[in-house]
Amino acid sequence: MKIFYSIIHIVFFSYVYSLPTVAKENIRVNTASDGNGRYAMQMLNLALSKIDTQYELITDENVISQSRNIELVSSGHSDLLWAATSQQMEDTLLPIRIPLFKGLLGHRIFIIRKGDQPRFDQINTIEDLRRLTFGQGKTWADTEILRNNNLTVITANKYQGLFYMLDGSRFDAFPRGVQEPWQELLDNSNLPLVVEEKTMLIYRMPFYFFTTKSNKKLAADIELGLNRAIADKSFDQVFFNDPMIKSVIEKANLKQRKIFKISNPGLPKETPLEREELWLDIESLDNSVR
């Protein structure tokens, strides 16, 4: 009998150990290309937690320009990036059309030089804004939006360089999504920069994950995970409890600002504007954060 059971054990364990192991698929991603990396990675991990496919994140923390990041993803040397969308971006890469910031990125306030607030207090019309110059990344979708609305834009290849250019009076203001500037000012505390207090630009600006055109499975998996997170409310829990978003409510004074709405003529026609659950209602923002 012992011999019989021993044979069964040998057969069983031989079968178990001969089963193929499920290898994790890799996602190669640069996490240092802009100030939204921490939040984007949080949303990526949330999406991956909602699906069956197992992925392993391989991160690169070398600081690179967005144009270089786009090149790496487009060529297949990297798998994923996050950016504001544009027709050019969607022609180059495959978008995952879930706005990670619920459209909040299209609400723009300015980083300015300390001492310049009185100059901005005098802004009352869009024509007043057109007398100023604004800093943006060379490949950012926002650059063309501002230019298409006849605002003057000075560009740089590297995100970090824009803070030094502003300090050096190369332009007057650095428009940022309302959730961005306070952490950025902490990260650049050596520079005499502050958040402008009274002005806000608003335009439609979805901020998506992008992958290479050929990586349809990864795009489908991330989209599935994000949609499941939206359905079970965990997407909103992450969004509204994020420190950046909370700082908006505490510091940005959104409802008391002078609002200038401008168009985004380059918004791709596939943008899911009809899905109300994907977009933030700025009027209810302070009632949504707990």
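Scroll up to find the structure this text is about.
Residues numbered from 1 in each chain as written. Predicted model: local features only at pLDDT ≥ 70, side-chain atom pairs only at ≥ 80, totals over all residues. Heavy atoms only, no water.

Our focus in this paragraph is the packing of helix α2 (residues 37-49) against helix α10 (residues 216-231). Closest axis-to-axis distance for the α2/α10 pair is 7 Å, and the angle between their directions is 90 degrees. One way to sum up the angle between α2 and α10 is to call them roughly perpendicular. Taken together, the residues of α10 that come into contact with α2 (itself represented by M43, L44, L46 and A47) are I222, G225, L226 and A229. Of the residues in the contact of α2 with α10, the class split is seven nonpolar, one polar and no charged. (Axes fitted to C-alpha atoms, helices over the stretch in contact; angles between N-to-C directions. Helix = DSSP H or I, 4+ residues; strand = E, 2+ residues; numbered from the N terminus. Parallel < 35°, antiparallel > 145°, perpendicular 65-115°, else oblique. Contact = heavy atoms within 4.5 Å. Nonpolar A, V, L, I, M, F, W, Y, C, P; charged D, E, K, R; others polar.)

With that settled, the discussion passes to empty space enclosed by the protein. As enumerated under the stated definition, the model contains three cavities of 30 Å³ or more in all. In this structure, the largest cavity encloses a volume near 210 Å³. What lines the largest cavity is a set of 21 residues, among which D34, Q66, W140, D142 and F207 lie closest to the centre. Listed by contribution, the elements that provide at least two residues to the lining of the largest cavity are β3 (81-84) and α7 (141-148). (1 Å grid on protein atoms, 1.4 Å probe; cavity = no way out; pocket = protein on both sides within 12 Å on 5 of 7 lines; lining within 4 Å. Points joined across faces, edges and corners; volume = space filled by probe spheres on them.)

Taken in spatial order, the three strands make up an open sheet running β3-β11-β4, and their pairing is antiparallel. Pairing within the sheet leaves two strands with one partner each, and these edge strands are β3 and β4 (94-96). Along the sheet, successive strands turn relative to each other by an average axial angle of 45 degrees, direction set aside. Two strands pair when backbone bridges link them, and β3 and strand β11 (residues 207-211) are joined in this way by four bridges, in the antiparallel orientation. The residue bridging W82 from the neighbouring strand is F209, located in β11. (Pairing = 2+ DSSP bridges.)

Let us now look at the packing of α2 against helix α11 (residues 234-241). Where α2 contacts α11, the two axes come as close as 11 Å, and the packing angle between them is 160 degrees. In terms of orientation, α2 lies roughly antiparallel with respect to α11. Relative to α11, the crossing made by α2 is right-handed. Residues Y39, Q42, M43 and L46 of α2 touch α11, and the partners they reach there are S234, F235, V238 and F239. Classifying every residue of the contact of α2 with α11 by side-chain character gives six nonpolar, two polar and no charged. (Left-handed = near helix turned anticlockwise from the far one by under 90°.)

Summed over all chains, the structure comprises 21 salt bridges. When the shortest N-O distance is used, the salt bridge between D121 and K198 registers 3.6 Å. Of this pair, D121 sits in helix α5 (residues 117-121) while K198 sits in the loop between β9 (193-195) and β10 (199-202), and the two are 77 residues apart along the sequence. Look at K198 and you get partly exposed, because its relative accessible area is 37%. The salt bridge partner of E277 is R275, with a shortest N-O separation of 2.8 Å. Taking relative accessible area as the criterion, E277 reaches 40% and is therefore assigned partly exposed. Since its relative accessible area comes to 24%, R275 is described here as partly exposed. Residues participating in the shared-partner salt-bridge network are R113, D116, R119 and D172. (Salt bridge = Lys/Arg side-chain N within 4 Å of Asp/Glu carboxyl O. Buried < 20%, exposed > 50% of the residue type's maximum accessible area, 1.4 Å probe, protein only.)

A few words on the packing of aromatic side chains. Following the criterion strictly, the structure yields 11 aromatic pairs and no others. A ring pair is formed by Y39 and F101, whose centres lie 4.3 Å apart and whose planes are at 15 degrees; its orientation type is stacked. One end of the pair, Y39, is in helix α2; the other, F101, is in the loop between β4 and β5 (107-113), and 62 residues separate them in sequence. We classify Y39 as buried; its relative accessible area is 1%. (Phe/Tyr/Trp six-rings, centres within 6.5 Å; stacked < 30°, edge-to-face > 60°.)

Let us look at the environment of N157. Summarising the element assignment, N157 is placed in the loop between β7 (152-156) and α8 (159-167). Along the primary structure N157 and K138 are separated by 19 residues, whereas in three dimensions their C-alpha atoms are 5.4 Å apart. With residues up to four places along the chain from it excluded, the contact list for N157 reads S65, Q66 and K138.

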